[in-house]
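# Structure at a glance
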There are 2 protein chains.
Amino acid sequence: MRKIAAVESFFSPEHRETIEKTAAECGFTVDYFSDGHLPADQAADYEIIYGLCSPKDIKAAVNLRWLCCSFAGVDAYTSDDIYPHPDVLLSNSSGAYGVTISEHIIMVTLMLLRQMPVFEQIVRERGWEKGLPMRSICGSSITVLGTGDIGTNFARRAKALGAKVVRGVRRTKKAGDPAYDEMYTLDELDSVLPKTEILVMALPGTKETAHILSRERIALLPRDAYVVNVGRGTAIDQEALMEALNADRLAGAALDVCVPEPLPKDHPLWDTKNLLLTPHISGNMSLGITRDLDVELFCEDLRNYAAGRKLKRLVDRAVGY
Amino acid sequence: MRKIAAVESFFSPEHRETIEKTAAECGFTVDYFSDGHLPADQAADYEIIYGLCSPKDIKAAVNLRWLCCSFAGVDAYTSDDIYPHPDVLLSNSSGAYGVTISEHIIMVTLMLLRQMPVFEQIVRERGWEKGLPMRSICGSSITVLGTGDIGTNFARRAKALGAKVVRGVRRTKKAGDPAYDEMYTLDELDSVLPKTEILVMALPGTKETAHILSRERIALLPRDAYVVNVGRGTAIDQEALMEALNADRLAGAALDVCVPEPLPKDHPLWDTKNLLLTPHISGNMSLGITRDLDVELFCEDLRNYAAGRKLKRLVDRAVGY
């Protein structure tokens, strides 16, 4: 019998039922493991791994044909070195995180615009101060760098909240979602940054996106611009960003990702001015919507795999997403 | 010459130009005073007061015909006692605060649903914790108590963010904004509360709304419900709410208004569990949009006043809004 290793801890009884039913229809049985770890002495049994499996555990899965990650950012899974053979298909769960991460972006953007961290500090000290200037998503000029599921979910919400213009910037020229007022390619980024009030970064971690928000590009942003990053910490020249924030050359930033993670206790990022830092919490399996969708997307691609069709969320390992 | 006292500090040169131009067209001149205070020895000069004028300064304005408050909550201005004669017209600036207060509500609702205060505490201690359950506006069942400009602006945004159902509860039966999936009157509130996951209160301070969220009604809310109040602190039995929060009989609350304001340093509200408190900052003149709209709405009603038409934002002092 062909076998699937489901290496995840979040499954409800309903999730297991859905997975097992789909697996049975496709001629598979399912074994479950806690997220993170697939025991080496059992790994050879599995044709498919679904979930969060440590990259170092994959080599032992000598009969592996398809690794379906239960998350979107697969940068730790693109190298041939971690696989037992180069033909293992890699897919991700792009599409499961749009709701949760876009709500995170809306939340932190409003917290920055409305000076919420300052008010929270005032309240912790039992003060009662009112007179701080605020800004609004309504009427703002927003640039979304990375127009995948997450960026586009945010773009739709930003438009609904009254953003004046939402620009999408992406790797290749394609027709965009109607949520975007304007679409640009990466080589046009420098012309877009000076007119950006809120820059939202939702990029995968690839060679091309490393330090894409460079020191030079940070300098192109207006002094009153905010930066929000939910993709990968590597996408920003973090040193340059810290300098700009500490020198008030930017209004503020919200980082859910940074370098390294977890952040060491003595890292200067903790004390950076006007920085709203969160410990990589925007995605994860924290929402029921995410967990349900994740299982649904796997089952959809399991049917594709069993029928010999192309996987819908197949990752091009050379490109990185 | 007929005269207007503009008792506000937020006006830009453009605002003054707009006010003066409209005033001239209507046969008025304008004098400016800092917000809060109209000098007693000049008060008799003015037929109209626009802005934030202390209730105790109004009696001296013996020739006053119209008081246009630059804010929405006029509960301190409904008593005949503060006026030089009972025929003074009272209007407010309902319509200027929808954007800023609805963005506040979206922000604090997401902060509650996504456990942001807990994560902020973790980050202050330089920790790196991820595994907290979260919830989403997407798919939620929301009740908006008070369906004026603020409640309706929030309702539209909540629907755009994917709320499953947004119920409006209002004083009288009227056709509601299409943002509401269902409309109820206040006497139906008890039947709506048990199916409410997020209760948003945006009510004026009136006799009818005092303690409308009573101890008994708090007990009708599900244990996992959140309460957000941006109207008046008097609308909630605050003692009962604190007890419910401290006993985990509610998931949490966000209060931008409370009793009394400012809150004394030794008040138990500061230490109430799962409470996100802000110092009455959701409205104010913090947004440019609010300031521009406020001036625009005054000018619109000034034209109505000069032409002998009914004021658009006339307050029924007996009802309180």
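Whatever comes next refers back to the structure up there.
Below is a short write-up of the structure. Model, not experiment: these values are computed from the prediction.

Thresholds applied
- Residues numbered from 1 in each chain as written.
- Chains lettered and ligands numbered in written order.
- Predicted model: local features only at pLDDT ≥ 70, side-chain atom pairs only at ≥ 80, totals over all residues.
- Heavy atoms only, no water.
- Pairing = 2+ DSSP bridges.
- Helix = DSSP H or I, 4+ residues; strand = E, 2+ residues; numbered from the N terminus.
- Axes fitted to C-alpha atoms, helices over the stretch in contact; angles between N-to-C directions.
- Core = buried A, V, L, I, M, F, W, Y, C linked by side-chain atoms within 4.5 Å.
- Buried < 20%, exposed > 50% of the residue type's maximum accessible area, 1.4 Å probe, protein only.
- Contact = heavy atoms within 4.5 Å.
- Disulfide = S-S within 2.5 Å.
- Phe/Tyr/Trp six-rings, centres within 6.5 Å; stacked < 30°, edge-to-face > 60°.
- Lys NZ or Arg CZ within 6 Å of the ring centre and 35° of its normal.
- Buried area = accessible area lost by both parts, 1.4 Å probe.
- Polar contact = N/O pair within 3.5 Å; in protein donor to acceptor, adjacent residues only side chain to side chain.

### Quick look at the sheet that holds strand β5 (residues 89-91) of chain A
Residues and elements named next belong to chain A.
- One open sheet accounts for five strands, arranged β2-β1-β3-β4-β5; its pairing is parallel. The sheet is open, and its two edges are formed by β2 (28-33) and β5, each paired on a single side. Recorded for the sheet is a direction-independent mean angle of 15° between the axes of neighbouring strands.
- Note: strand β3 (residues 48-51) against strand β4 (residues 66-69), four bridges, orientation parallel. The partner of Y50 across the bridge, within β4, is C68.

### Things to note about the nonpolar core
- Core analysis: the largest hydrophobic core is formed by 148 residues, its most contacted members being A:L67, A:Y77, A:F298, B:L67, B:Y77 and B:F298.
- The contact partners of B:L67, leaving out residues within four places of it in the chain, are B:I49, B:I58, B:Y77, B:Y83, B:V88, B:L89, B:L90 and B:S91.

### A few points about the state of the cysteines
Residue and element names in this part refer to chain A.
- Under the defined criterion, the tally for this structure stands at zero disulfides over all chains.
- Here C53 is not disulfide-linked; the sulfur of C69 is the nearest cysteine sulfur, at 8.5 Å.
- For C53, a relative accessible area of 1% corresponds to the buried category.
- No disulfide involves C299; its sulfur sits 8.3 Å from the nearest other cysteine sulfur, which is in C26.
- Since its relative accessible area comes to 3%, C299 is described here as buried.

### Digging into the packing of aromatic side chains
- This structure, assessed with the given rule, holds 20 aromatic pairs over all chains.
- Both rings, one in A:W66 and one in A:Y305, keep their centres 5.2 Å apart while their planes meet at 25°; by these two values the pair is stacked. With a gap of 239 residues between them, A:W66 in strand β4 and A:Y305 in helix α8 (residues 288-306) connect regions that are remote in the sequence.
- With 5.8 Å between their ring centres and 35° between their planes, B:F11 and B:Y50 make a pair best called tilted. Note that B:F11 is positioned in the loop between β1 (2-7) and α1 (13-25) and B:Y50 in strand β3 (residues 48-51), a separation of 39 residues in sequence. The two residues B:F11 and B:Y50 agree in class, both being buried.
- By way of ring pairs, the aromatic residues A:F10, A:F11, A:F28, A:Y32, A:Y50, A:W66, A:F298 and A:Y305 are connected into one cluster.
- Here A:R16 stacks its cationic end above the ring of A:Y32, 3.9 Å away from the centre of that ring.

### Observations regarding the sheet that holds strand β8 (residues 182-185) of chain B
Residue and element names in this part refer to chain B.
- Taken together, seven strands build an open sheet; the order of strands is β8-β7-β6-β9-β10-β11-β12 and the sheet is parallel. Of all the strands in the sheet, the pair left with one neighbour each is β8 and β12 (275-277). With direction set aside, neighbouring strand axes in the sheet form an average angle of 15°.
- Bridge analysis of strand β9 (residues 198-201) against strand β10 (residues 226-229) gives four bridges, and the strand direction is parallel.

### Description of the interface of chain B and chain A
- Contacts between the two partners involve 51 residues from chain B and, on the opposite side, 51 residues from chain A.
- With both chains or domains summed, chain B and chain A bury close to 4600 Å², and 66% of this area falls on carbon and sulfur atoms.
- Of all residues in chain B, B:R114, B:R126 and B:W128 give up the largest surface area on contact with chain A, accounting jointly for 19% of the area buried on that side.
- On inspection of chain B and its partner chain A, the count reaches 16 residue pairs in polar contact (both at pLDDT 80 or more).

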